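The chain contents come next:
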Amino acid sequence: MDCVFCGIVAGRVPSTTVRDEDDVLAFRDIRPVAPTHVLIIPKRHIPSLADVGPDDWPVVFRALRVAKELAESLNLRAGYRIVANVGPEGGQTVGHLHWHLLAGRPMGWPPG
Ligand code: AMP
Ligand code: ZN
């Protein structure tokens, strides 16, 4: 399977790790759109939130816990945004479930 995030998990694709847990990995986005832009992924390949099955909820919970803990350890006291793009119309470009942790500038609403 040709999945860039599976490549990062396997160490085949270089990345800057921010947090490495048993089943969750966080690393810097290669094209940051905010001063802080971290991606949080389950290490297991799940294509998107739409594909999360009954056995996947524990890792979804742990990924969100990592996002919250990273916001604390990165001192994002002014606030932050967590985004999961789902499917083509949701703006998803990498088909491996991930959350964006964005911070360091005011966030607009509605998102584009
Ligand atoms: P999305 O558009 O929501 O699917 O987000 C995919 C994100 O992955 C984009 O923000 C890309 O910049 C990022 N990305 C793609 N390839 C890499 C990579 N090799 N290392 C880090 N981030 C990546
Ligand atoms: Zn993958």
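Residues numbered from 1 in each chain as written. Chains lettered and ligands numbered in written order. Predicted model: local features only at pLDDT ≥ 70, side-chain atom pairs only at ≥ 80, totals over all residues. Heavy atoms only, no water.

(A) Representation of the sheet that holds strand β1 (residues 17-20) within the structure. Taken together, five strands build an open sheet; the order of strands is β1-β2-β3-β5-β4 and the sheet is antiparallel. Each edge of the open sheet carries a strand with a single partner, namely β1 and β4 (81-83). Direction aside, neighbouring strands of the sheet carry axes that sit 20° apart on average. (Pairing = 2+ DSSP bridges. Helix = DSSP H or I, 4+ residues; strand = E, 2+ residues; numbered from the N terminus. Axes fitted to C-alpha atoms, helices over the stretch in contact; angles between N-to-C directions.)

(B) Broad picture of unusual backbone geometry. In this structure, Pro110 follows Trp109 across a cis peptide bond, with omega equal to 5°. Looking at the secondary structure, you find Pro110 in the segment after β5 (99-103). The backbone phi angle of Asn75 is positive, close to 60°, even though this residue is not glycine. Residue position: Asn75 is located in the loop between α2 (57-73) and β4.

(C) Quick peek at α2. For α2, spanning 17 residues, the distance from its first C-alpha to its last is 24 Å, which sits close to the expected 24 Å at 1.5 Å a residue. For α2, the full list of buried residues reads Val59, Val60, Ala63, Val66, Ala67, Leu70 and Ala71. Projected onto a plane normal to the axis of α2, the buried residues spread over an arc of 135° and lie on a single side. Along its buried surface, α2 packs onto β1, β2 (24-28), β3 (36-42), β4 and β5. Trailing α2 by a residue or two, Asn75 shows a phi angle of about 60°, which is positive. (Expected span 1.5 Å × (residues − 1). Buried < 20%, exposed > 50% of the residue type's maximum accessible area, 1.4 Å probe, protein only. Arc of directions from axis to C-beta. Contact = heavy atoms within 4.5 Å.)

(D) Seen up close, the layout of surface pockets. For the largest pocket, the calculated volume is near 730 Å³. As for the largest pocket, its lining consists of 31 residues, and the residues nearest its centre are Asp29, Arg31, His37, Leu39 and His100. Looking at the lining of the largest pocket, the elements with two or more residues in it are α1 (4-10), β2, β3, β4 and β5. At three residues, α1 tops the list of elements feeding residues into the lining of the largest pocket. When its residues are assigned to classes, the lining of the largest pocket shows 15 nonpolar, eleven polar and five charged. (1 Å grid on protein atoms, 1.4 Å probe; cavity = no way out; pocket = protein on both sides within 12 Å on 5 of 7 lines; lining within 4 Å. Points joined across faces, edges and corners; volume = space filled by probe spheres on them. Nonpolar A, V, L, I, M, F, W, Y, C, P; charged D, E, K, R; others polar.)

(E) Broad picture of the pattern of salt bridges. In total, this model carries eight salt bridges according to the counting rule given. Where Asp20 meets Lys43, a salt bridge forms, and the shortest distance between an N and an O atom there is 2.6 Å. Of this pair, Asp20 sits in strand β1 while Lys43 sits in the loop between β3 and α2, placing them 23 residues apart in sequence. For Asp20, a relative accessible area of 52% translates into the label exposed. Across the pair Arg62 and Asp23 runs a salt bridge, and its minimum N-O distance is 2.6 Å. Note that Arg62 is positioned in helix α2 and Asp23 in the loop between β1 and β2, a separation of 39 residues in sequence. (Salt bridge = Lys/Arg side-chain N within 4 Å of Asp/Glu carboxyl O.)

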